[in-house]
Amino acid sequence: MTGESLDITLPVPPSINHQYATVQGRRVLSSAGRTYKEHVGQQIWLALSRSPHKRALLHRLQSESLALSIRFYFTSPLRRDVDGGLKIAQDALCEGIGLNDNRIVETHLYKDVDRANPRIRIALSLAAR
């Protein structure tokens, strides 16, 4: 973590099929989705609390256009789509640091396999504009 980027490793989000539920005819975030977002928020604040750059980083992230990079490490190359976890991961990250995700103007997604350690690596940085 620097004064210009937030880099964090988080758990793989629930699959798109487990992120939402239909309740009384409406699509709502499922309990698995809510739990994931809460966990991400806690992990972000824990990481920020340990950073000497917290104040400068938050100021820059809240005032400039942003680029988001997510590298997914799945247990299998074919089990999940790379974009299925984008929205919930982006929402969880931005909510966790108090940002509107409309500040993100650039997104990069990558898909890798790590059977022993599934996870996502997120880098939120200033966009090159």
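Reading guide: rules and limits
- Counting restarts for each chain: residues are numbered from 1 in the order of the written sequence.
- Since the coordinates come from a predicted model, pLDDT governs what is reported: local features require at least 70, and pairs of side-chain atoms require 80 or more to be given and counted, while whole-chain, interface and lining totals use all residues.
- Here the side-chain values reflect all heavy atoms present in the structure, with hydrogen atoms and water set aside.
- Each salt bridge in this description consists of a side-chain nitrogen of Lys or Arg and a carboxyl oxygen of Asp or Glu lying within 4 Å of one another.
- Under the DSSP-based scheme used, a helix requires at least four consecutive residues in state H or I and a strand at least two consecutive residues in state E, with every element numbered from the N terminus.
- Each residue gets one of three labels from its accessible area relative to the maximum for its type: buried under 20%, exposed over 50%, partly exposed in between, using a 1.4 Å probe on protein chains only.

This part takes up the pattern of salt bridges. In total, this model carries seven salt bridges according to the counting rule given. Between Arg71 and Asp112 there is a salt bridge, and its shortest N-O distance comes to 2.7 Å. In this pair, Arg71 sits in strand β4 (residues 66-74) while Asp112 sits in strand β5 (residues 104-113), placing the two residues 41 residues apart along the sequence. Using a relative accessible area of 29% as the deciding quantity, one classes Arg71 as partly exposed. Of the residues examined, Asp112 reaches a relative accessible area of 25% and is grouped as partly exposed. Connected through salt bridges with shared partners, the residues Glu4, Arg60 and Glu64 form a single ionic network.

Just geometry here; none of it tells us what the structure is for.
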